[in-house]
Amino acid sequence: MRFERREHRSVLLVVATPLIAIAAALAIAGILIAIAGAPVLEAYWRILTGAFGSRLSATETLTRATPLILTGLAAAVAFRARLWNIGAEGQFYLGAIMVAAVSSQLVGNWPAVVQIPVLLAVGAMAGMVLLLIPLWLRLRFAVDEVVTTLLLNFVAVLFVSMLIDTVLKDPMAFGWPQSQPVSDDGMLPKLLERSRLHLGLAIAIALALVLHFVQSRTVFGMQSRAAGLNAQAAIFAGVPLGRTLVFVACLSGGLAGLAGSIEVMGVQGYVTTDLSPGYGYSGIVVAMLANLNPIGVVLAGLFTATMFVGADGMSRSMGIPSYIADVFVALSLLTMLVAVFFTQYRIRR
């Protein structure tokens, strides 16, 4: 028995891949739920109603989906060019803390129409810088960016922790380690009254549409795809590999930094070291579930947010640990990797 690479993948196979992966992950997670002594189908129904059963839960699911979509886009655009950005978590935190610093120290008195775009740009640039460092190490010294981007996550979180305990510490937080807040004019408008759903969701969806256009209709999109398929062949064909990867790193790091800035400006208003429950890492799962397609990232981000929010409701009503959502997300990544492998290879005897 051997594996033979498929010369052509049908559209049906590409579309069915994430659905099969999710079904397999649901089946395996169902075994764990059954072992916990709960009815499986009722547990999944509680997850669905917990995520969309009321106005509050639905808006909370959409709010949770926003950073997942942005970090998913960050991973998708990088992975498509074979730039293995595992550092979205650190870029998320750096974007968030830069927004809090700039708003509280420099532009807090500016009007909202000016301050909000400035803060979004600052957050995106912070994420870009943090990813350009590993890219430079790769291009200059052939250092594996998987290692450098992963390690920079810890550096970024420790750097943020230092800032919110020292120069950016909020004196009104009664000793609690949190940053000085973003000014009221720097906060994103709400999309619905009496909810936390904010303009960041619309920004994330718009960016997904723009990214889909860029990747499918522009020269840069073709060059980044060529770099991902075969770097040596791309160079032979005249693709400027280094310049293309720099643009990809700016896009990817910028999207992750933007996720952190939008989370601060839309939800929290300040930065703590538990601002992210792992959005940067979950973005990798979202990107893989979407098969690196920007439009698919929106759907995968919404699905992942449904699992996270719905699992909390299921946990409260059925006594099952909410960590089942984390298990499910991890299973989704594993099953998706297996499914992608079999879309690229067939078994031959």
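Just so it is clear, the model here is predicted, and its values are computed rather than measured.

> Give me the overall build of the protein chain: which residues, what numbers.
When its secondary structure is counted, the protein chain shows 13 helices and two strands. Against the compact-globule benchmark of 20 Å for 349 residues, the protein chain has a radius of gyration of 21 Å, which places it among compact chains. Based on the C-alpha atoms only, the size of the protein chain along its principal axes is roughly 70 × 55 × 30 Å. Every one of the 349 residues in the protein chain was classed for burial, and the buried ones make up 49%.

> Give a detailed account of the nonpolar core, specifying residues and quantitative values.
Core analysis: the largest hydrophobic core is formed by 96 residues, its most contacted members being Ile69, Phe79, Ile97 and Val271. Apart from residues lying up to four places away in sequence, Val271 is in contact with Ala96, Ile97, Ala100, Val160, Ile164, Gln178, Ser179 and Val264.

> Describe the packing of helix H3 (residues 55-80) against helix H11 (residues 279-289), naming the residues involved and giving the relevant values.
Close contact between H3 and H11 brings their axes to 7 Å; oriented N to C, the two are set at 65 degrees. Our classification of the angle between H3 and H11 gives roughly perpendicular. Of the two possible hands of crossing, H3 and H11 adopt the one that is right-handed. From H3, Arg64, Pro67, Leu68, Thr71, Gly72, Ala75, Ala76 and Phe79 reach across to H11, where they touch Tyr279, Gly280, Ser282, Gly283, Ile284, Val286, Ala287 and Met288.

> Describe the UniProt feature "transmembrane region" (unreviewed entry) in the protein chain, with residues and values.
Under the feature "transmembrane region" (unreviewed entry), the UniProt entry names residues 12-41, 61-79, 91-110, 116-137, 149-168, 197-214, 279-311 and 323-345. Structurally, residues 116-137 is divided into 100% helix and 0% strand, and its ends, taken at the C-alpha atoms, are 33 Å apart.

> Could you give me a rundown of a nonpolar patch on the surface, with the residues and numbers involved?
Taken together, the side chains of Trp84, Val146, Val147, Leu150, Leu151, Phe154 and Tyr281 define a hydrophobic patch exposed on the protein surface, amounting to about 590 Å² of accessible area. A total of five residues in the nonpolar patch trace back to one element, the largest contributor, which is helix H6 (residues 145-165). For Val146, the location among the structural elements is in helix H6.

> Quick rundown of the environment of Leu188? Include the residues and the values.
In this structure, Leu188 sits in the loop between H6 and helix H7 (200-217). Given a relative accessible area of 4%, Leu188 falls into the buried group. For Leu188 and Phe154, which are 34 residues apart along the polypeptide, the C-alpha to C-alpha distance reads 28 Å. Residues within four places of Leu188 in sequence aside, it is in contact with Ile116, His198, Leu199, Gly200, Ile262, Met265 and Gly266.

> Hey, could you go over the environment of Arg140 for me, with residue numbers and the actual values?
Checked against the element boundaries, Arg140 lands in helix H5 (residues 112-141). Measuring from C-alpha to C-alpha, the distance between Arg140 and Leu275 comes to 34 Å, with 135 residues separating the pair along the chain.

> So what about the pattern of salt bridges? Which residues, and what values?
Under the criterion given, the structure shown has three salt bridges. In this structure, the salt-bridge partner of Glu42 is Arg46, at a minimum N-O distance of 2.9 Å. Here the residue Glu42 and the residue Arg46 both occupy positions in helix H2 (residues 40-52), the gap between them amounting to four residues, near one helical turn.

> Help me get a handle on helix H10 (residues 241-268), residues and values and all.
Across its 28 residues, H10 extends 39 Å between first and last C-alpha, which sits within 8% of the 40 Å expected from 1.5 Å per residue. Of all 28 residues in H10, 21 are buried; the element is thus mostly enclosed. Just downstream of H10, Gly269 is the residue with a positive phi angle, here 85 degrees.

> I'd love a proper account of the packing of aromatic side chains, names of residues and values included.
Using the criterion set out here, one finds seven aromatic pairs in the structure. Judged by centre distance (5.3 Å) and plane angle (85 degrees), the rings of Phe341 and Phe342 are edge-to-face. A relative accessible area of 32% places Phe341 in the partly exposed class. Relative to Tyr345, the ring of Phe341 lies with its centre 5.0 Å away and its plane at 25 degrees, an arrangement referred to as stacked. Judged by relative accessible area, which is 23%, Tyr345 ranks as partly exposed. Aromatic ring contacts, followed pair by pair, group Phe92, Tyr93 and Tyr279 into a single cluster.

Calculation rules
Residues numbered from 1 in each chain as written. Predicted model: local features only at pLDDT ≥ 70, side-chain atom pairs only at ≥ 80, totals over all residues. Heavy atoms only, no water. Helix = DSSP H or I, 4+ residues; strand = E, 2+ residues; numbered from the N terminus. Rg over C-alpha atoms; globule rule 2.2 N^0.38 Å. Buried < 20%, exposed > 50% of the residue type's maximum accessible area, 1.4 Å probe, protein only. Core = buried A, V, L, I, M, F, W, Y, C linked by side-chain atoms within 4.5 Å. Contact = heavy atoms within 4.5 Å. Axes fitted to C-alpha atoms, helices over the stretch in contact; angles between N-to-C directions. Parallel < 35°, antiparallel > 145°, perpendicular 65-115°, else oblique. Left-handed = near helix turned anticlockwise from the far one by under 90°. UniProt positions renumbered as here; feature names shortened; annotations may be inferred. Patch = residues over 30% accessible without salt bridge, like charges linked within 9 Å, V, L, I, M, F, W, Y side chains within 5 Å. Areas by Shrake-Rupley, 256 points an atom, 1.4 Å probe, with all protein chains shown as cover. Salt bridge = Lys/Arg side-chain N within 4 Å of Asp/Glu carboxyl O. Expected span 1.5 Å × (residues − 1). Phe/Tyr/Trp six-rings, centres within 6.5 Å; stacked < 30°, edge-to-face > 60°.

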